[in-house]
Amino acid sequence: MRVFLIGYMGCGKSTIGRKLATLMGSAFIDLDKYIEERNFKTVPAIFAEEGEAGFRAKEQSALLEVAQFDNIVVGTGGGAPCFFDNMEVMKHAGITIYIAPSVETLANRLMKSKTERPLIIGKSRDELLQFIEKALVIRAPFYEQAQIIIRGKEDLNPEEVLDEIIKQS
Ligand code: S3P
């Protein structure tokens, strides 16, 4: 089985993805880390040297590769479902799950996070709230194509996600 976790930056794809993978006896792949290892460059370095377009091209190739692995849970980057036919690729390869906490939760988590994220660098909490709201207008139509949508949960546990997967399969 292949599970793809999608959603905005800070929604908890990696945290819940790791726990879900352990529960399912699958490997967890963080797509951003996979891109970094494949290209010997960090995500911020790719953005700085090749721009967002360069990053999106690498992201697409990485996704096409991991979509062929078996027994995996993939935590995708927040933009991955919204470029090229990436959402179609994921839907055909496995189960897609959109994790959608409130915009406030996303902004709070991103304020605390130590991960360097080129798209939101240096933003205040208020700027972030506005930025996320605007971004979701564009991104939600992609995210909402997911087979499973989990909304408004602050502390999602892997058992709940697994229950949803079992209901769908
Ligand atoms: C991005 C999200 C990031 C990373 C890149 C771009 C986005 O991943 O792929 O900085 O466009 O939302 P996370 O969602 O894991 O932070």
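**A look at the sheet that holds strand E5 (residues 148-151)**
Argument step 1. With respect to topology, 5 strands assemble into an open sheet ordered E2-E3-E1-E4-E5, the strand pairing being parallel. For this open sheet the edge positions go to strand E2 (27-30) and E5, each flanked by a neighbour on one side alone. Across the sheet, the mean angle separating the axes of adjacent strands is 20° when strand polarity is ignored.
Argument step 2. In the packing of helix H7 (residues 158-168) onto the sheet, contacts are made with strand E1 (2-6), strand E4 (95-100) and E5, and the angle to E5 comes to roughly 150°.

**Considerations on the pattern of salt bridges**
Between side chains of opposite charge, pairing is possible as soon as their charged atoms come close.
Argument step 1. Under the counting rule described, the total for this entry stands at 12 salt bridges.
Argument step 2. Between Glu49 and Lys41 there is a salt bridge, with the nearest N and O atoms lying 2.9 Å from each other.
Argument step 3. With a relative accessible area of 54%, Glu49 lands in the exposed category.
Argument step 4. Put simply, Lys41, Glu49, Glu50 and Lys58 are held in one network by salt bridges that share partners.

**With respect to the side chain of Arg139**
Argument step 1. As for its position among the elements, Arg139 is in helix H6 (residues 125-143).
Argument step 2. Here Arg139 occupies a buried position and makes no salt bridge, while the nearest side chain of opposite charge, Glu52, is found at 5.2 Å.
Argument step 3. Ignoring any residue separated from it by four or fewer positions in sequence, one finds Arg139 in contact with Tyr8, Arg56, Gly78, Gly79, Cys82 and Leu119.

About the thresholds
- Residues numbered from 1 in each chain as written.
- Predicted model: local features only at pLDDT ≥ 70, side-chain atom pairs only at ≥ 80, totals over all residues.
- Heavy atoms only, no water.
- Pairing = 2+ DSSP bridges.
- Helix = DSSP H or I, 4+ residues; strand = E, 2+ residues; numbered from the N terminus.
- Axes fitted to C-alpha atoms, helices over the stretch in contact; angles between N-to-C directions.
- Contact = heavy atoms within 4.5 Å.
- Salt bridge = Lys/Arg side-chain N within 4 Å of Asp/Glu carboxyl O.
- Buried < 20%, exposed > 50% of the residue type's maximum accessible area, 1.4 Å probe, protein only.
- Lys, Arg positive; Asp, Glu negative; His and termini not counted.

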